[in-house]
Amino acid sequence: MAESLVVFDNVEKRFGDTIAVDRMNLDIRKGEFLVIMGSSGCGKTTTLRMLAGLDAPTQGEIRLDGRRINDLATWRRDTPMVWQSLALFPFLDVLQNVEFGLKMRGMDRARRRGKAMEWLDRMGIAEFARRDISQLSGGQRQRVALARSLVTEPEILLLDEPLSSLDAHLKVRMQAILSNLQKELGITFVYVTHSQSEAFAMGDRIVIMSRGRIEQIGAPVEIYRTPHNHFVAEFLGSSNIFQGRMAPMDGGLLPIETGQGRFYVNASGAGGKQEGASTTFVVGNDRMVLSEEQPADARNVLEGRVIGEEFVGATVTIHIETDDGQEIRAQKSHDEIAHLNTDVSTRIFVSWLPESAYVLPGE
Amino acid sequence: MNRNWLIDWSLRAYVILALAFVFAPIAASFVFSFNADRFPSLPLGGFSLRWYEAIAEDPLVWEGLRNSVVVGICASLLSTALGFAAAYTDFRYRFFGKPLYLALALLPPTIPVVIMGLAMLAFLSRVSLSGEIHSVIISHVVMCSPFAMAIIRMRLSQMDPSLEAAAWNLGAGEWRAMFHVIVPFARPAIFAALFITMAVSFDEFAVAWFVSGLNETLPVRILGFLQGQVSPRINAIGTIVFLTTMTLVILAQVLLMSRSGGVDETPRRQEP
Amino acid sequence: MKKVTIFGLSFSLPLLLWQLLFFAFPLFFLVALSFWVVENYRMVPDFDGVNWTKMFGRDVFWDTYLRTLALAAGASVLVSILAFPCSYGIAFKLSANLRRLAIFLMIIPFFTSYLVRVYSWQIFLSDNGIFNAAFGLLGMGPYTMLNTDFGTMVGYLTLCLPLVVLLQVFGLMFVDRTLIEAAHNLRCGRLRTVFLVVIPSARVGLVIAALFCFILTFGDFVGPLYLGGGKPPTLSIMITDTTKAGQQWPRAAVIAIVMIATLLVVAFSAIGYAYRKRA
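Draft legend 1. Structural context of the overall build of chain C. Scanning chain C from terminus to terminus reveals 13 helices and 2 strands. Summarising its shape, the C-alpha atoms of chain C cover approximately 75 × 75 × 40 Å along the three principal directions. Looking at chain C residue by residue over its 279 residues, the buried ones come to 53%. The long-range share in chain C, meaning contacts at least 24 apart out of those at least 6 apart in sequence, stands at 69%. Approximately 13,200 Å² of chain C is accessible, and the part contributed by carbon and sulfur atoms is 70%. Side chains of chain C give 21 positive and 11 negative charges; the mean places of these two sets differ by 17 Å.

Draft legend 2. Structural view of the overall build of chain A. Of the regular secondary structure elements, chain A holds 8 helices and 20 strands. Taking contacts inside chain A between residues at least 6 apart in sequence as the whole, the part at least 24 apart equals 65%. Taken as a whole, chain A presents about 16,000 Å² of accessible surface, with 45% of it coming from carbon and sulfur. The average position of the 41 basic charges and that of the 49 acidic charges among the side chains of chain A differ by 10 Å.

Draft legend 3. Representation of the pattern of salt bridges within the structure. Residues and elements named next belong to chain A. A full pass over the atoms with the stated rule returns 33 salt bridges over all chains. Its salt-bridge partner being R14, residue E12 comes within 3.1 Å of it at the nearest N-O pair. Taking the relative accessible area as the measure of exposure, E12 reaches 6% and is therefore buried. Its relative accessible area of 36% is what places R14 among the partly exposed residues. Of the charged contacts in the structure, one is a salt bridge between R112 and E99, with a shortest N-O distance of 3.5 Å. Highlighted residues: R112 in helix α3 (residues 109-122) and E99 in helix α2 (residues 94-104), separated in sequence by 13 residues. Residue R112 is classed as buried on the basis of its relative accessible area of 10%. Take E99: its relative accessible area is 3%, and that puts it in the buried class.

Draft legend 4. Region of the structure containing the interface of chain B and chain A. If you look at the interface, chain B gives 20 residues, while chain A gives 22 residues. Of the roughly 2,000 Å² buried between chain B and chain A on both sides combined, carbon and sulfur atoms contribute 66%. When the buried surface of chain B facing chain A is broken down by residue, B:N169, B:L170 and B:H180 rank first, second and third, together holding 35% of it. Summed over the shared surface of chain B and chain A, the result is 0 salt bridges.

Draft legend 5. The arrangement of the packing of helix α5 (residues 114-125) of chain C against helix α6 (residues 130-137) of chain C in detail. Residue and element names in this part refer to chain C. With their axes 4 Å apart at the nearest point, α5 and α6 run at an angle of 20 degrees to one another. In terms of axis orientation, α5 runs roughly parallel to α6. Along the contact surface, α5 presents W121, I123, F124 and L125, while α6 presents I130, F131 and N132. Class assignment for the residues of the contact of α5 with α6 results in 6 nonpolar, 1 polar and no charged.

Draft legend 6. Fine view of unusual backbone geometry. Across the junction of C:K231 and C:P232, the peptide omega takes the value -5 degrees, indicating a cis bond. With respect to the helices and strands, C:P232 occurs in the loop between α11 (222-226) and α12 (235-245). Phi at A:S345 is positive, roughly 80 degrees, even though this residue is not glycine. With respect to the secondary-structure elements, A:S345 resides in the loop between β18 (327-333) and β19 (347-352).

Draft legend 7. Local environment of a nonpolar patch on the surface. Together, B:I250, B:V254, C:L98, C:L101 and C:F104 make up an exposed nonpolar region whose accessible area comes to about 420 Å². Per element, the largest residue contribution to the nonpolar patch is 3 residues, and it comes from helix α4 (residues 96-107) of chain C. By the secondary structure assignment, C:F104 is in helix α4.

Draft legend 8. Representation of the pairing of strand β10 (residues 213-218) of chain A. All names here are of chain A. Here strand β9 (residues 205-210) runs beside β10; their pairing, made up of 5 bridges, is antiparallel. The residue of β10 that forms the bridge with M209 is I214. Following β9, the chain reverses through 2 residues before pairing antiparallel with β10; R211 in that reversal takes a positive phi of roughly 45 degrees.

Draft legend 9. Up close: the sheet that holds strand β12 (residues 253-258) of chain A. All names here are of chain A. Pairing within the open sheet is antiparallel, and its 5 strands lie in the order β13-β12-β11-β14-β20. At either end of the open sheet lies a strand with only one pairing partner, and these are β13 (261-266) and β20 (357-359). Across the sheet, the axes of successive neighbouring strands diverge by a mean angle of 45 degrees, strand direction being ignored. In terms of strand pairing, strand β11 (residues 239-246) meets strand β14 (residues 278-284) through 7 bridges, oriented antiparallel. Bridged to G244 within β14 is T279.

Draft legend 10. Broad picture of the interface of chain B and chain C. Taken together, the contact between chain B and chain C spans 83 residues of the former and 83 residues of the latter. Carbon and sulfur atoms supply 80% of the area that chain B and chain C bury against each other, a total of about 7,800 Å² over both sides. Linking chain B with chain C are 1 salt bridge. Ranked by the residues each element gives to the side of chain B that touches chain C, the list is headed by helix α1 (residues 2-32) of chain B, at 18 residues. Across the side of chain B that touches chain C, the residue classes break down as 64 nonpolar, 12 polar and 7 charged.

Draft legend 11. Region of interest: the packing of aromatic side chains. The full count for this structure, using the stated rule, is 50 aromatic pairs over all chains. Ring geometry for C:F7 against C:F11: centres 5.1 Å apart, planes inclined by 55 degrees, an arrangement best described as tilted. Here the residue C:F7 and the residue C:F11 both occupy positions in helix α1 (residues 6-33), the gap between them amounting to 4 residues, near one helical turn. For the pair formed by C:F7 and C:F11, the shared burial category is buried. Among the aromatic side chains, those forming a connected cluster through ring pairs are B:F84, B:Y88, B:F91, B:Y93, B:W175, B:F179, C:F7 and C:F11. Seen from the ring of A:F89, A:R148 lies directly overhead, with NZ or CZ sitting 4.8 Å from the centre.

Draft legend 12. Representation of the pairing of strand β17 (residues 315-322) of chain A within the structure. Residue and element names in this part refer to chain A. Across the 8 residues of β17, 6 count as buried, placing the element largely inside the fold. With 8 bridges joining them, strand β16 (residues 300-312) and β17 adopt antiparallel strand pairing. Looking at the pairing, E310 lines up with T317 of β17. Here β16 hands over to β17 after 2 residues, with G313 in that stretch at a positive phi of 55 degrees. As paired strands, β17 and β18 are joined by 7 bridges and run antiparallel to one another. What sits directly across from T315, in β18, is S333.

Draft legend 13. Up close: the environment of A:H339. Residues and elements named next belong to chain A. Along the chain, H339 turns up in the loop between β18 and β19. Take H339: its relative accessible area is 60%, and that puts it in the exposed class. In this structure the side chain of H339 is engaged in a polar contact, spanning 3.5 Å, whose partner is the backbone oxygen of E336.

Draft legend 14. Just the environment of B:F202, in detail. Residues and elements named next belong to chain B. Assignment of secondary structure puts F202 in helix α8 (residues 174-203). In this structure F202 comes out as buried when scored by relative accessible area, which is 8%. It is 21 Å that separates the C-alpha atoms of F202 and L129, two residues lying 73 residues apart in sequence. Residues within four places of F202 in sequence aside, it is in contact with L65, S68, V69, P219, V241 and T245.

Draft legend 15. Region of the structure containing the sheet that holds β16(A). All names here are of chain A. The sheet built from 5 strands is open, its strands ordered β15-β19-β16-β17-β18 with antiparallel pairing. Pairing within the sheet leaves two strands with one partner each, and these edge strands are β15 (289-291) and β18. When the angles between neighbouring strand axes are averaged without regard to direction, this sheet yields 45 degrees.

So, how was this worked out
- Residues numbered from 1 in each chain as written.
- Chains lettered and ligands numbered in written order.
- Predicted model: local features only at pLDDT ≥ 70, side-chain atom pairs only at ≥ 80, totals over all residues.
- Heavy atoms only, no water.
- Helix = DSSP H or I, 4+ residues; strand = E, 2+ residues; numbered from the N terminus.
- Buried < 20%, exposed > 50% of the residue type's maximum accessible area, 1.4 Å probe, protein only.
- Contact = heavy atoms within 4.5 Å.
- Areas by Shrake-Rupley, 256 points an atom, 1.4 Å probe, with all protein chains shown as cover.
- Lys, Arg positive; Asp, Glu negative; His and termini not counted.
- Charge placed at Lys NZ, Arg CZ, Asp CG, Glu CD.
- Salt bridge = Lys/Arg side-chain N within 4 Å of Asp/Glu carboxyl O.
- Buried area = accessible area lost by both parts, 1.4 Å probe.
- Axes fitted to C-alpha atoms, helices over the stretch in contact; angles between N-to-C directions.
- Parallel < 35°, antiparallel > 145°, perpendicular 65-115°, else oblique.
- Nonpolar A, V, L, I, M, F, W, Y, C, P; charged D, E, K, R; others polar.
- Patch = residues over 30% accessible without salt bridge, like charges linked within 9 Å, V, L, I, M, F, W, Y side chains within 5 Å.
- Pairing = 2+ DSSP bridges.
- Phe/Tyr/Trp six-rings, centres within 6.5 Å; stacked < 30°, edge-to-face > 60°.
- Lys NZ or Arg CZ within 6 Å of the ring centre and 35° of its normal.
- Polar contact = N/O pair within 3.5 Å; in protein donor to acceptor, adjacent residues only side chain to side chain.

Pasting the structure below:
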């Protein structure tokens, strides 16, 4: 395992009576692209701000390279940040913005000009060096903000939803730029976002937070396929969630009694749970099989009515409501459902294989 | 819709009437400052610069002007500095008793000038600071700093609050961030505050009259003329003072307009 | 960043200290001063209620008090009423550019000398002044306008009209226009809409405007003295006379404290009324 750069050791942050971050333990490794994801108010930005020294932890310890930095002023840390608003200085031109950090470190004019120009060149915006910030486009501003933060050659770069103001097209391009930049520089990026697509596109590891706590840490595929608990599964929205109780083993498969009937999962997924224990399992939207007739040999079948369709690129997500009111989502390619009638109110069967189900270990 | 049309236009006419009332004395004092008659009235007498000559030859007017300029410059520098500091405090900090702090900072213009004058006179003479030019400066700083604070505070509220944090984050300590980020951002408002407070100080007569003793400022001299017999010299001084203060105000306005392009967010909501 | 730092204090303290020392303290000192006594034309620190009993025992003080109160209250009502059609016109009947221009023009008077404007009104109002010259051409007059209550009101109007208009305009601009359209849509006539919808919605702005008018006119001595003649005086004229005439500052302090107390009562009741919940 790679070396730790930053350690959050039982860190808590309170604002008055509200707990923004609750006893957090987190290792950030050298050279990784870590994404902290969660909805607004989950404590992700507070975590980043504590790392930058803009908020001080109420309890616990934050260590950078093994050194406690709780009480180190922001301006004595080397933790540059790219802000959601970008926070470019409107009264300075592009070059002056980029060299700001070097100037504050007392570097002489000629050298800092040179370094700043080097970075502008690297970001492909050298020709705008003497422009005012207000004359730049959104994407160009992003690059200025990046150059301004990276020009001091830090070990770590903090990014607070920097792409949220860009349109979708530009966002994808900036994601690629950020990913490549991080690989080239080999430094640690800590990236805060509420956007799943950004997180999964760029992150080496993803931290999912909710109400000040970490719900799961892991590689994107890991989180996507094997969510730790109900919250993560629901937050990602990529799986159907079923709750029930374990029944005795049946022919190498583990039956689970739910409100919708008895479903089978692979025995290996039981995770050492006792018979009768309450349990939650998920089935990926894309693992659902649809048919007009009741499938003969399927072990896990539900019947329901189509209530709507949602088109995203090459796939369609079909929303189905079972007779007892649970909503099921099935994500299919256009080809796969070409022969099916998916008009609203059509009756339809949903089935899945036992190996497609995953029992949540955290429930 | 004929009736609506009538109502709309009579309302607009009324606006013009109100503006006429407001500007009548200003215009009249301009016109009559060039009028030769000793007792200004209609019809106009001949064109003359005698009132300008009269004030130009009056050493008291010159002394008043000198005092006014000194007071105006000192009061505007001091009250802008104090107002800036208070505006920054309000912008950045939350603390116990802040409403009280703001009340203390902003209340002086609501106290009648006569009472301010009496209070300042009584207090300053008790501590032997009365009757001098610095007594006027002290009082004017009290009265002007709320204006400076309000102007600069409005500018700061246009600032992205992460701008200052971004400077810290890039290695600037609080003092360096202040001079490299906050001050440059607020610069147009700082200049506007300097001009506006100078204009306020330049026009203030009541408190200055109470505390200035023999060191009369120009408006106090005008009060002296008013107490004496009616004299068109007031018109001449008034015209000069009006042109001076308007120059200051327009300069402030131009500064606020031209440099306010520094707001990097989308333009604020237009008034409805 | 909760800590108290030298940096923070060096920004928060200067104005605080200045206003405590040169604003709050002088006002408190007036209270102390009102209990001092004057002996042989010199003020002596004391704790004697004599100034209070002397002032309160004089009919002329109470007459002046009531007269000043009536003048200021009358001016607040009069100026508010005269300003309202103008503010309404600026807020609702002008294009955005013209509205900005009108607002700018209303700001200009703040930077002209009130004294010069008052003197200028003397030229208009005096017995041989512009107005009487104009009336004479029509075969009317002359009318006495200077040194009357009418003159005082012209002074008050000069002092307050621009500010009252500005405050009313800001109050009116916050009125939700859909409310007005909704009222018209419900067949509420124009005038009734103004009284039933616009004025209640803009109440805070209108009351604050009237309050500022009261504060300004209650404390003004230039208008009533140089346009109203100063006889009988107002409280402000009384203060200036008492202060400038000799060493009777403690009595002037009594008047000042009574004025401040009155202003506080009026201000708090006005603000209470402005923000009162609708029954």
